[in-house]
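# Structural characterization, general
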Amino acid sequence: MGDTMDQLYSTYFSDIYRFLFSLCHNHHTAEDLVQETFFRAHLHIEDYQSESVKAWLFTVAYRSYIDYYRKQKRVSIKGQGFFSKLFDKKRTVEETVVVEEEIRELLDTVNALPEKHKMAVLLCDFNQLTYQETADVMEVSVTYVKVLLFRGRQALRKGRDE
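To keep things clear, this report deals only with the structure shown in the data block. (Residues numbered from 1 in each chain as written. Predicted model: local features only at pLDDT ≥ 70, side-chain atom pairs only at ≥ 80, totals over all residues. Heavy atoms only, no water.)

### Topic: helix α2 (residues 27–44)
Our working definition: The helix and strand labels rest on DSSP assignments: H or I over at least four residues marks a helix, E over at least two residues marks a strand, and numbering proceeds from the N terminus. To estimate the expected span of a helix, count its residues, drop one, and scale the result by 1.5 Å. Only protein chains enter the accessibility calculation, which uses a 1.4 Å probe; a residue whose area is less than 20% of its type maximum is buried, one above 50% is exposed, and one in between is partly exposed. It is the directions from the helix axis to the C-beta atoms whose arc is reported.
Helix length check: α2, at 18 residues, gives a terminal C-alpha distance of 26 Å against a target of 26 Å (1.5 Å per residue), a fit within 8%. Every buried residue of α2 is listed here: Thr29, Ala30, Leu33, Val34, Thr37, Phe38 and Ala41. One face of α2 carries all of its buried residues, which in axial projection span an arc of 165°. Exposed and oriented more than 90 degrees from the buried face of α2 are His28 and Asp32.

### Quick look at the pattern of salt bridges
Rule in force here: A side-chain nitrogen of Lys or Arg and a carboxyl oxygen of Asp or Glu constitute a salt bridge if their distance falls within 4 Å.
One pass over the full model with this rule turns up six salt bridges. Where Asp15 meets Lys54, a salt bridge forms, and the shortest distance between an N and an O atom there is 4.0 Å. Taken together, the residues span a long stretch of sequence, with Asp15 in helix α1 (residues 2–24) and Lys54 in helix α3 (residues 53–71) at a distance of 39 residues. Like Asp15, the residue Lys54 is buried in the burial classification. Notably, a salt bridge pairs Arg40 with Asp67, separated by 2.8 Å at the nearest N-O pair. One end of the pair, Arg40, is in helix α2; the other, Asp67, is in helix α3, and 27 residues separate them in sequence.

Structure below.
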């Protein structure tokens, strides 16, 4: 069991961290929530019965975030380097600055979405969960996920065009 959790941790740490960071916008909080996610996963690994461990971990992460959010009076919003791994070390300083600005604009647009639209876009488009996996994480129907995605993507296109 320990080996299984270590493997899950090393395989999904980055995805879970990026997802939680995109929700809470705070590096330290995201790290704490990642630890909470894998702690809860370790406690309940024997209860896991889904076909996708990734979707199950995102569900655990989302529930950890919801529990945290409910305990907080307000969530701190900070614009840190969410996609820092996308930067190619061979890029020039000018190219890196342009990419960072584009990423910052995209994050601002995503963060401006209503919470459910944002969740659907983050789970499906950023983390490549299926519609069904996203529906399971969000505890809604697949049809509703598709509606949320459509509206979220539409708002993102509109925000990028402005």
